[in-house]
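Summary of structural features
Each chain is listed here by its residues.
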Amino acid sequence: MPFAAITYDIKPGFEAELAEIFGNFRRVKSDQVRTESGEEAGRILATAVFIRDDTLVRVIEYQGDLEAVARHMANQPGVREVERSLKPYLSRPRDTDTVEGFVATFRRSLLRTVAQISVRDLPAAS
């Protein structure tokens, strides 16, 4: 399963406040990602958030189309709430108020995958 990581440029010294924002995150009702026409486009399997100094990173494990995952996230009330709550702590503003703005910001914030290794990739033991 692929992973994606997106960055947030934040003001240092607010680790507790940011941890609280993500700690109160409202999970999505379903892990299923669908296109606008309702077709299955993937799944969000897991997320994790990391912070140090002026950088916050959200890691997403997913299946399917990453663009569809970003669009799905842009429409989730919990994600929209987190994005609103983060605004006072950002050192560089993010245009995430609309789906198109969220998806464009997601693309710009995406880190390049350099390596990805999982025990799921190993051949089954005989």
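Above this text sits the structure in question.
Figured I'd write up the structure that's included with this text. (Residues numbered from 1 in each chain as written. Predicted model: local features only at pLDDT ≥ 70, side-chain atom pairs only at ≥ 80, totals over all residues. Heavy atoms only, no water.)

Some remarks on the packing of aromatic side chains
The test is simple: Ring geometry is summarised as follows: Phe, Tyr and Trp rings, the Trp one being its six-membered ring, pair when their centres sit within 6.5 Å, and such pairs are stacked at plane angles under 30 degrees, edge-to-face over 60 and tilted between the two. The secondary structure listing takes helices from DSSP runs of H or I that are at least 4 residues long and strands from runs of E that are at least 2 residues long, numbered from the N terminus. When accessible area is computed with a 1.4 Å probe and restricted to protein chains, residues below 20% of their type maximum are described as buried, those above 50% as exposed, and intermediate ones as partly exposed. Counting as a charge over the ring demands two things of the Lys NZ or Arg CZ atom: a distance within 6 Å of the ring centre and an angle within 35 degrees of the ring normal.
For the structure on display, the rule yields 3 aromatic pairs. Their ring planes at 75° and their centres at 6.4 Å tell us that Y8 and F22 sit as a pair that is edge-to-face. Linking Y8 in strand β1 (residues 3-9) with F22 in helix α1 (residues 15-23), this pair joins segments that are 14 residues apart in sequence. With a centroid separation of 5.2 Å and an interplanar angle of 55°, the aromatic rings of F14 and Y89 are classed as tilted. Taken together, the residues span a long stretch of sequence, with F14 in the loop between β1 and α1 and Y89 in the loop between α3 (77-86) and α4 (99-109) at a distance of 75 residues. F14 sits in the partly exposed class, given a relative accessible area of 28%. Stacked on the ring of F25, the Lys or Arg R58 has its end atom at 6.0 Å from the ring centre.

Some details on the nonpolar core
Test applied: The criterion is simple. A nonpolar core is a set of buried Ala, Val, Leu, Ile, Met, Phe, Trp, Tyr and Cys residues joined through side-chain atoms within 4.5 Å. Whether two residues are in contact is decided by their heavy atoms, any of which lying within 4.5 Å being enough.
In this structure, Y8, L18, V69, M73, L86 and F106 are the most contacted members of the largest nonpolar core, which totals 27 residues. The set of elements that each furnish at least two residues to this core consists of β1, α1, β3 (40-52), β4 (55-64), α2 (66-74), α3 and α4. Per-element accounting of this core gives the leading share, 6 residues, to α2. For L86, the residues in contact, after removing those within four places along its chain, are Y8, L18, I21 and F22.

A closer look at α3
Under the convention used in this document: Arc, as used here, means the arc of the directions from the helix axis to the C-beta atoms.
Of the residues making up α3, those classed as buried are G78, V79, V82, E83 and L86. Buried residues of α3 fall within an arc of 135° about the axis and therefore sit on the same side. Contact partners of the buried residues in α3: β1, α1, β4, α2 and α4.

Points about the layout of surface pockets
Let me state the cut-off plainly: Only protein atoms enter the calculation, which uses a 1 Å grid: trapped sets of points that fit a 1.4 Å probe without letting it out are cavities, open sets showing protein on both sides within 12 Å along at least five of seven lines are pockets, and any residue with an atom within 4 Å of a point is a lining residue. Grid points are joined across faces, edges and corners, and a volume is the space filled by probe spheres set on the points.
Approximately 310 Å³ is the volume attributed to the largest pocket. The wall of the largest pocket is formed by 16 residues, among which F25, R27, V28, I44 and T47 lie closest to the centre. Contributions of two or more residues to the lining of the largest pocket are made by β3 and β4. With 5 residues, β3 is the single largest residue contributor to the lining of the largest pocket.

Things to note about the pattern of salt bridges
Note the threshold: The salt bridge criterion pairs a side-chain nitrogen of Lys or Arg with a carboxyl oxygen of Asp or Glu, the two atoms within 4 Å.
All chains considered together, the criterion is met by 7 salt bridges. We note a salt bridge from R107 to E67, for which the minimum N-O separation is 2.7 Å. Residue R107 is found in helix α4, and its partner E67 is found in helix α2; the two are separated by 40 residues along the sequence. When the shortest N-O distance is used, the salt bridge between D97 and K87 registers 2.8 Å. Of this pair, D97 sits in the loop between α3 and α4 while K87 is found in the loop between α3 and α4, placing the two residues 10 residues apart along the sequence. A relative accessible area of 44% means that D97 is categorised as partly exposed.

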